[in-house]
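Residues per chain are reported as follows:
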Number of protein chains: 2
Amino acid sequence: MDLRPPSVRALLEELEQLPGVGPRTATRLVQHLLRHPSGARRLAAAVAGAAQIVRHCRECFLLAEEERCRLCQDPARDREVICVVEDPLNAWAVEATGEYSGLYHVLGGTLDPLHGVGPDELTVSALVERVKRNVVGEVILATNPTVEGEATAHYLARVLRPTGVRLTRIAFGLPAGGEISYADQVTLTRSLAGRRGMD
Amino acid sequence: MDLRPPSVRALLEELEQLPGVGPRTATRLVQHLLRHPSGARRLAAAVAGAAQIVRHCRECFLLAEEERCRLCQDPARDREVICVVEDPLNAWAVEATGEYSGLYHVLGGTLDPLHGVGPDELTVSALVERVKRNVVGEVILATNPTVEGEATAHYLARVLRPTGVRLTRIAFGLPAGGEISYADQVTLTRSLAGRRGMD
């Protein structure tokens, strides 16, 4: 006999939809949730709340609870620089450095023609419009240093070049705390190619 | 600026309460949930539903949606054998062998005096009552083959011996230090078949 009550089976099925969650992890999560019913209720409310309230900022496509995110509404930010990232998480990471004071633009992924992801599936035209409509001095292309991220950065550079805006790409090289002898050849090649004068 | 909207922060906090979920996994889960709002709503409903409806069977303490679980209500089960397990997952694993036709008793953990878990924190007295009240021919002690599981089995043997019931312990086909719910079905079947009297 299947000893799992229907509601537990339903919960297991939903949990197994999550990335990185297999049957065993789902079972452990169920056990935890049923042992902590008040935590489970808070989790349910948080999931439902976020799913209902969170949207994309209509300007930069960061996650927001209003039409425009708090960053886009912040008069203290430098509106002349836009940092283009693949997803909100990458923007969070850039922001966490505390070194960036401009705005962001979330693409929603990378170009991936083989899987049917073209410029229309991303927020490319909104980015071009944004650059044309506003006084933008620099667009930092901060897509990931992957084949797809590189291709997307090159595509964006091509469509943005006619606007005359300054286009930059984040630097690639060795990660801080890394070991030269452990670095892969592509990283090391880029690190050499991107060398700068010491002063 | 913290780019995460309040509802996203709240969701991250709740997700990080889950076992095995750190900040990075929580962030990935949030990204997945916000990309699949209908799945997120289903998950929220499943968590809330299970947390509300699931209780412990008042007889065997398996997870149930009624006072008594479906297994305890099943006239086809052998009511003279009780398999004592630490938690519902272990009962699910034993049941999945298809080799067991008796009832279960879920302890709710193991004795752990150092952390304040004594017999009163487990369902020990309910088990003793159950054995005294019913015609029970055998109690299979199927706690985990860990130090705590062994100690708990020996304790149970001591308190159940006066009832005159036959006490057995699952065989050590299981690797020591392991977890019943991680065992493959063949190992678990052998372990059930090889159970021996406790003296």
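The sections below set out a description of the structure shown in this document.

Rules and cut-offs
- In every chain, residue numbers begin from 1 and rise along the written sequence.
- For naming, the first written chain is A and the first written ligand is 1, with later ones following in the order written.
- Since the coordinates come from a predicted model, pLDDT governs what is reported: local features require at least 70, and pairs of side-chain atoms require 80 or more to be given and counted, while whole-chain, interface and lining totals use all residues.
- Computation of side-chain values: all heavy atoms of the structure, hydrogens and water removed.
- Among buried residues, the Ala, Val, Leu, Ile, Met, Phe, Trp, Tyr and Cys ones that are joined through side-chain atoms within 4.5 Å form a nonpolar core.
- Here's how the labels work: a residue is buried when its accessible area is under 20% of the maximum for its type, exposed when over 50%, partly exposed in between, all with a 1.4 Å probe on protein chains only.
- We call two residues in contact whenever any of their non-hydrogen atoms come within 4.5 Å of each other.
- What counts as a salt bridge is simple: a side-chain nitrogen of Lys or Arg found within 4 Å of a carboxyl oxygen of Asp or Glu.
- Only the six-membered ring of Trp is used, alongside the rings of Phe and Tyr, when aromatic pairs are assigned; centres must lie within 6.5 Å, and planes under 30 degrees apart are stacked while those over 60 apart are edge-to-face, with the rest tilted.
- Only when the NZ of Lys or the CZ of Arg is both within 6 Å of the ring centre and within 35 degrees of the ring normal is a charge said to sit over the ring.
- Runs of H or I in DSSP of at least four residues are treated as helices and runs of E of at least two as strands, each being numbered from the N terminus.
- By construction, the arc corresponds to the directions joining the helix axis to the C-beta atoms.

## Structural notes on the nonpolar core
Side chains of nonpolar character tend, in soluble globular proteins, to be buried together.
Phase 1 of the analysis: Formed by 88 residues in total, the largest nonpolar core has its most connected members in Leu-11 and Leu-62 of chain A together with Leu-11, Leu-62 and Tyr-104 of chain B.
Phase 2 of the analysis: With sequence-adjacent residues up to four places away left out, Leu-62 of chain B is seen in contact with Leu-3 of chain A together with Arg-55, His-56, Cys-57, Cys-69, Leu-71, Pro-88, Ala-91, Tyr-104 and Val-106 of chain B.
Phase 3 of the analysis: Counting residues in each nonpolar core, the second largest holds 20 residues, with Val-84, Leu-107, Val-124 and Leu-141 of chain B among its members.

## Focus: the pattern of salt bridges
Side chains bearing opposite charge may pair, as long as their charged atoms lie close to each other.
Phase 1 of the analysis: One pass over the structure, following the stated rule, counts 17 salt bridges over all chains.
Phase 2 of the analysis: Here Arg-68 of chain B ties to Glu-59 of chain B by a salt bridge, and the two come within 3.0 Å at their closest N and O atoms.
Phase 3 of the analysis: Its relative accessible area of 25% is what places Arg-68 of chain B among the partly exposed residues.
Phase 4 of the analysis: What you see here is one network of salt bridges that share partners, running through Asp-2, Arg-4 and Arg-9 of chain A.

## Observations regarding the packing of aromatic side chains
Note on aromatic pairs: each is described by the distance of the centres and the angle between the planes.
Phase 1 of the analysis: Per the stated rule, a full pass over the model turns up two aromatic pairs over all chains.
Phase 2 of the analysis: The side chain of Arg-190 of chain A reaches across the aromatic face of Phe-172 of chain A, ending 4.7 Å from its centre.

## Some remarks on helix α8 (residues 185-193) of chain B
Given 3.6 residues to a turn, an α-helix orients residues that are three or four positions apart in the same direction.
Residue and element names in this part refer to chain B.
Phase 1 of the analysis: When α8 is considered as a whole, its buried residues turn out to be Thr-187, Leu-188, Ser-191 and Leu-192. Down the axis of α8, the smallest arc covering the buried residues is 135 degrees, so these residues share one side. Facing away from the buried surface of α8 by more than 90 degrees, the exposed residues are Arg-190 and Ala-193.
Phase 2 of the analysis: Buried residues belonging to α8 abut α5 (88-96).

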